[in-house]
Amino acid sequence: MQILKRYDENTNRSNYFFLDVFSMNQHDFADLGTPRDSLALRDMYDTMLEALTQSIKVPGCMLLALTPHDRPKMLTRSWCLYEIYIAWKVKAE
């Protein structure tokens, strides 16, 4: 939360932040099983990935919490790297 507060201070405005961890938990994917198991699972994966894409595309901006600065933990997690990829793909700031 301190990173969000600093971002607000540095931009000199009140920003709104969407924290995906509260609305889209990547562990939900693991609980579903593999998409090749059934058409229904493939549809669920597609729906969740489209929701993720839209949650990055619509605001058009992504704030990365790269801590600690010398070894950012988020860059070691495949889900976070995927979110960065989506941000790049949709040309988010």
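In the block above lies the structure referred to throughout.
Criteria and thresholds
- Residues numbered from 1 in each chain as written.
- Predicted model: local features only at pLDDT ≥ 70, side-chain atom pairs only at ≥ 80, totals over all residues.
- Heavy atoms only, no water.
- Helix = DSSP H or I, 4+ residues; strand = E, 2+ residues; numbered from the N terminus.
- Buried < 20%, exposed > 50% of the residue type's maximum accessible area, 1.4 Å probe, protein only.
- Contact = heavy atoms within 4.5 Å.
- Areas by Shrake-Rupley, 256 points an atom, 1.4 Å probe, with all protein chains shown as cover.
- Axes fitted to C-alpha atoms, helices over the stretch in contact; angles between N-to-C directions.
- Parallel < 35°, antiparallel > 145°, perpendicular 65-115°, else oblique.
- Left-handed = near helix turned anticlockwise from the far one by under 90°.
- Polar contact = N/O pair within 3.5 Å; in protein donor to acceptor, adjacent residues only side chain to side chain.
- Phe/Tyr/Trp six-rings, centres within 6.5 Å; stacked < 30°, edge-to-face > 60°.

Caption draft 1: Region of interest: the overall build of the protein. Along the protein, the regular secondary structure elements total five helices and zero strands. N-terminal to C-terminal, the α/β element order of the protein is α-α-α-α-α. Counting only residues that meet the buried cut, the protein has 22% of its 93 residues in that class. If you take every contact in the protein between residues at least 6 apart in sequence, the share linking residues at least 24 apart comes to 48%. Here the protein has roughly 7400 Å² of accessible surface; of this, 56% comes from carbon and sulfur atoms.

Caption draft 2: The arrangement of the packing of helix 4 (residues 39–57) against helix 5 (residues 78–89) in detail. It is at 9 Å that the axes of helix 4 and helix 5 come closest, and there the two elements cross at 60°. Taken as axis vectors, helix 4 and helix 5 run oblique relative to one another. Of the two elements, helix 4 crosses helix 5, and the hand of that crossing is right-handed. On helix 5, the residues that touch L49, L52, T53 and I56 of helix 4 are W79, Y82, E83, I86 and A87.

Caption draft 3: Region of the structure containing unusual backbone geometry. Here the residue pair T67 and P68 is connected by a cis peptide bond, since its omega of -15° sits within 30 degrees of zero. Mapping P68 onto the fold places it in the loop between helix 4 and helix 5. Positive phi outside glycine occurs at N12, with the angle close to 60°. By secondary structure assignment, the location of N12 is in the loop between helix 1 (2–11) and helix 2 (20–23).

Caption draft 4: Geometry of the side chain of N15. For N15, the location among the structural elements is in the loop between helix 1 and helix 2. Within the structure, the side chain of N15 is placed 2.6 Å from the side chain of D8, a separation counted as a polar contact. Only 2.8 Å separates the side chain of N15 from the side chain of R13, close enough to count as a polar contact. Setting aside chain neighbours within four positions, we find N15 in contact with Y7 and D8.

Caption draft 5: Region of interest: the packing of aromatic side chains. Tallied over the full model, the rule gives four aromatic pairs. Seen in terms of ring centroids, W79 and Y82 are 6.2 Å apart; in terms of plane orientation they differ by 40°. Their pairing is tilted. Highlighted residues: W79 and Y82, both in helix 5, separated by three residues, approximately one helical turn. Summarising the aromatic geometry, the rings of Y82 and Y85 are spaced 6.1 Å apart at their centres and angled 40° between planes, so their arrangement reads as tilted. Note that Y82 and Y85 are positioned in helix 5 at a spacing of three residues, about one turn of the helix. Its relative accessible area of 29% is what places Y82 among the partly exposed residues. A network of ring pairs unites the aromatic residues W79, Y82, Y85 and W88 as a single cluster.

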